[in-house]
Every structure is written in C-alpha cells, then in structure tokens.
Amino acid sequence: MSEADAALPVAKTPRPTGTGSGRTRQRVAVVIPAKDESRRIAATVRAARAIPYVDMVLVVDDGSVDDTQHVAREAGAVVVRHAHNRGKASAMETGASVVAMRDSADRPPRLLLFIDGDLGETAVNTAPLVPPVLEGLADMSIALLPPQPGAGGRGVVVKAARRAIAKLTGWTPTQPLSGQRCLTRQAFEAATPLARGWGVEVGLTIDLVQQGYVAIEVPCELRHRVSTGDLRGQMHRAAQYRDVLMAVNARRMRGLASGFARRD
C-alpha cells in the first residue's frame, strides 16, 4: 500500500463477521457488463465462477447484436439483457440491482466484483481484489494490470484522469481507468447514479474517495483486448477523453455549488 493509501480514512465498511463457513459466510457476485463479447464471454464466465466466495456470475448483455447472452448463459452465468445499448454505467447499475434482488435479508449483501467481458481465462486473477474488501481494509479495490501487449495509446487519457482525481480527492491512482473493481454494496450505492460513458470509473473513484471511502489498488495478472494505434483506437481514446472530462467537470461544478451553498 502506498503512502497515499495509508493516509486515507479507515474503511467505512465494518469487518465482515462471516468469512468462515455457515449462514453468515460473505458472498461475492461478479457483474460483467458486456456488448458483443460472444468470442470471449464463455471463458470469462467460467474463470469468474472459480473465484473464491463467488456464488453468482451475472452478465448484463448491453444490447449485443451477437450471441453474447446465449453463450454466457450456456457457460453458467445469470443473464439479463438491455434491448438497446445503454452504456457501461447503466449495465453496472442494472447488474447491481439484480444482485440486490437476489440477496437474502438474513445474510450480508454480496460484495460486487465488476469485471470486463474480454478477460477470458485471466478473469480468475481478479480474485486478489476480494480479500481487502472482505476483511474491511478497503471499500473499493481496483486492479492494477501489467503492461498489455499491442496497446497503442500514449497515456494521455490516463494522465488526465489521474491528475483530476488527485486534484479533487488528494489520492493519486496508478490506473484510474481500470474497470476491474470490487466494492461493498454500501460504497456502490453511495456513488450512484454513476457517471455516463467511459467516465464511469473516474466518477466512481472521485465520488467515493471524496465521501471518505477507502480505495486501494491491487496488482492482478490480467489480459484484455486493447485499443490499438489505428483510427478505430484513436476514436475510442477520443471518446474516453470526452467522457472523462464530462465526469470530472460535473464533479467540479457540484463541488463549487456545494461551496456556494455553505457560504449562503
């Protein structure tokens, strides 16, 4: 843990009392927002099901035009589907709502482990994200990925997101755009509604850390599909940059409004 991590407040989530066997054993739900991931989703689902404490793998098919929903279901996932593409934030919110409906009143709410649908067999390597949240050491854990072969970006969006988070919260993440995250139910609800588009991770981090929730980063050996340096990759990064700026500016304006209200 970095010095910045250590300086953060103690996690708001009390230490779970049921990490052992029995009725109070803490459970984890993996939520996978997915669009047109039929080639990789089966491997991702199967690997996610092998993560300790996971008793549910939920795929939110966000308006796919391929067989994502059918392949995911055959691999053992619970599947819900958006008839039209509504974006990652909406898929995450849908997934969390479905998990909440399946939680039991006499058991702790499931932790939410959000992962991307293109991780394939490496999805099982998100397992290290669970223990810090399970043990009450953090409210949100974020995966630190190793360098990805073939990535074509120059880090412009990452650097902009990192600077913005540091300025607004005092915490400087290494990989602010990482989508692999484990959260408590309490933390997730504190951050909703989520920022739209590709700004969802940045908005989530800002909202939680500003409220005193603890976020940490955990190294995970993951591999996913990368955006290359071609035109399509450049357009993807441009959309990312736009959405990150929108998420950051919305939170800056909210902070200014809050400051004016206090002075009044």
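Residues numbered from 1 in each chain as written. Predicted model: local features only at pLDDT ≥ 70, side-chain atom pairs only at ≥ 80, totals over all residues. Heavy atoms only, no water.

**Quick word on the nonpolar core**
(1) Moving on: If you look at the biggest cluster of nonpolar residues, it comprises 35 residues, and the most contacted ones within it are Val30, Val45, Val59 and Leu113.
(2) Moving on: Broken down by secondary-structure element, the contributors of at least two residues to this core are strand S1 (28–34), helix H2 (41–49), strand S2 (54–62), strand S4 (111–114), helix H5 (130–134) and strand S7 (215–219).
(3) Moving on: Per element, the largest residue contribution to this core is five residues, and it comes from H2.
(4) Moving on: Once residues within four sequence positions are removed from consideration, Val45 is found in contact with Ile32, Val57, Val59, Ala72, Ala75, Gly76 and Ala77.
(5) Moving on: Formed by 27 residues, the second largest nonpolar core is a distinct cluster that contains Ala29, Val99, Phe114 and Val200. (Core = buried A, V, L, I, M, F, W, Y, C linked by side-chain atoms within 4.5 Å. Buried < 20%, exposed > 50% of the residue type's maximum accessible area, 1.4 Å probe, protein only. Helix = DSSP H or I, 4+ residues; strand = E, 2+ residues; numbered from the N terminus. Contact = heavy atoms within 4.5 Å.)

**Brief notes about the side chain of Asp243**
(1) Moving on: Its location among the elements puts Asp243 in helix H9 (residues 231–263).
(2) Moving on: Accessibility expressed as a relative area gives 8% for Asp243, which makes it buried.
(3) Moving on: A polar contact of 2.8 Å, which involves the side chain of Asp243, links it to the side chain of Arg242.
(4) Moving on: Discounting residues that sit within four places of it in the chain, Asp243 has contacts with Arg196, Gly197, Trp198 and Gly199. (Polar contact = N/O pair within 3.5 Å; in protein donor to acceptor, adjacent residues only side chain to side chain.)

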